[in-house]
Structure formats: structure tokens, C-alpha cells
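Structure at a glance
One letter stands for each residue in the lines below.
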Amino acid sequence: MDVMYFAWVRERIGVPRETVETEAATVADLVRELSAREERYEVAFSDLDALRVAVDQDLTDFDASIAGAREVAFFPPMTGG
Amino acid sequence: MRIVVQEAPFDAGAELNAFQAGKTDMGAIVSFSGLVRDLPDAPLRHMLIEHYPGMTERALTKIAQDACERWSLGDVLVIHRFGQMAPGDQIMMVATASPHRKDAFAAADFLMDYLKSRAPFWKKEVTADGSDWVAAKDEDEKALRQWQQG
């Protein structure tokens, strides 16, 4: 699955997008898995209240399923307009 | 309905004229323009706007569709730029067309409230002192709750 990062999440993790092989069932499982991998993920994911997530380009929650998802994106609260 | 996400500047006047042309059954057009605002303390060198290609268009379309379900609208226009902009540059515009003024105003207000915190754009302000991502405000979420109660 493709995992994407935007704004300061992208800057902290250091890449805009990467392909991740995972058995994670939910977004929260994926966050735990990535955080355990390397410190840069642990730092970026340290405060989930400051993050938003989209699964296949739909805004969702951290307990959402990612079974069969093509794309998961992490980013801070949006500031459009 | 027309949703445009682009890096290039656009001519808001020409867009508005094109939007209202031929709408003989619409009595009211409301438009809003969002500009890059300079900072009071440190002069802004430029603003950088990042977005999520694909999701951006999808989210804007959904917001515009929701507005069309809620009010009597003949048409909706949303143009939002990304990339680098200077103070005074136009970031975005929305326009709504309705048979009646109140629907056009309310729908434009709704579009702006949702576009601010539900469309995947992120602003970064660059000054001589460095750069900072613009933080979302609590009042942005409050503005959405007002529509959800309504």
C-alpha cells in the first residue's frame, strides 16, 4: 500500500510517499507498526490528536480499517481557503 | 459546478463574469476571494500551499455537492491555487448562483467554512526568520459545528 505524508508530517518523516508492506488491520495498527520501525515515525506520530488521516482519499478516523486500501495519507489539520 | 485546482494565477473578474454569463434564471450571484495576507510582525516573503492531488478535487466536489443539496443553487464555482504566492496574490475564489440572495450568501459561507478545514490544503508562511506551517484554529471547527446543528 502507498503511505503518503503532507506538510510537517512529510518534513518529519522525510519522504512524501512510500510503499509499505503491512498486515495492519487499522490505521492505528499501521501507526504502531511504523512508529516501532524508526524514531522519525515515532516523532511524527507522537500526538495523534494533531494528525488527520485519509484512507483512499476519504477523511476517516484512526480506528478505520485499512484492509484492501490502496492509499493511506497522514497530515496535520487542513488550512485551506 | 466547476472545481479547479491549479498552480497558475487566475483572473477572478473574468472568472466571475464567465460564471454569471447566461444565467437568466438566477437572481443572485455571491463571490468570495481569498488573498495572501501579509504578517503584522515579520514581513511575509511568500506563502507555500501544499495539497493532496486527487483528494483535493474529490473533497471540493463533495463540499460543493453538499451545498447544492442544502440550498437552491443553480451553479457553484471553486478555484483554489497551490504552490508559491506573494502577499496580495489571490489564493482562491468561490462563487454561488441562486434564484435568491439568501441562499447564495449562505452557500458561499458554508463552502468557505468547509473548504478551510475539510479540503486537503496546507499553508506555510515563509519570512526572513524562517518558515512555519499555519496552524488550524479551534474556531474553524466551531464554524463547522454551526452548520451541522443547523
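Residues numbered from 1 in each chain as written. Chains lettered and ligands numbered in written order. Predicted model: local features only at pLDDT ≥ 70, side-chain atom pairs only at ≥ 80, totals over all residues.

Under an unreviewed UniProt entry, the name given to chain B is Molybdopterin synthase catalytic subunit, and the organism recorded is Donghicola mangrovi. Note on chain B: under the UniProt heading Subunit (unreviewed entry), the record states "Heterotetramer of 2 MoaD subunits and 2 MoaE subunits. Also stable as homodimer. The enzyme changes between these two forms during catalysis." Word for word, the UniProt comment on chain B under Catalytic activity (unreviewed entry) is "2 [molybdopterin-synthase sulfur-carrier protein]-C-terminal-Gly-aminoethanethioate + cyclic pyranopterin phosphate + H2O = molybdopterin + 2 [molybdopterin-synthase sulfur-carrier protein]-C-terminal Gly-Gly + 2 H(+)". (UniProt positions renumbered as here; feature names shortened; annotations may be inferred.)

Where an unreviewed UniProt entry is consulted, chain A appears under the name Molybdopterin converting factor subunit 1, with the organism given as Donghicola mangrovi.

So, on to the overall build of chain A. Across its full length, chain A carries 3 helices and 5 strands. Secondary structure elements in chain A, listed N-terminal to C-terminal, are β-α-β-α-α-β-β-β. The C-alpha radius of gyration computed for chain A amounts to 12 Å, which stays within 12% of the reference 12 Å derived for 81 residues, consistent with globular compactness. For chain A, the C-alpha atoms occupy an extent of roughly 35 × 30 × 20 Å along the three principal directions. In chain A, once contacts between residues fewer than 6 apart in sequence are set aside, the share between residues at least 24 apart is 54%. (Helix = DSSP H or I, 4+ residues; strand = E, 2+ residues; numbered from the N terminus. Rg over C-alpha atoms; globule rule 2.2 N^0.38 Å. Contact = placed C-beta atoms within 7 Å.)

Attention shifts here to unusual backbone geometry. Residues and elements named next belong to chain A. Backbone geometry at Asp-56 places phi at a positive 50°, although glycine is not the residue there. Assignment of secondary structure puts Asp-56 in the loop between strand S3 (52-55) and strand S4 (58-60). Look at Gln-57: it is not a glycine, yet its phi comes out positive at around 70°. With respect to the helices and strands, Gln-57 occurs in the loop between S3 and S4.

By the secondary structure assignment, Glu69(B) is in helix H2 (residues 55-70). Each C-alpha atom of the pair Glu69(B) and Val94(B) lies 17 Å from the other, and the pair is 25 residues apart in sequence.

This part covers the interface of chain A and chain B. Opposite the 14 residues of chain A that make contact, chain B presents 21 residues. At the level of elements, helix H1 (7-13) and strand S5 (71-75) of chain A are the ones that each hand at least two residues to the side of chain A that touches chain B.

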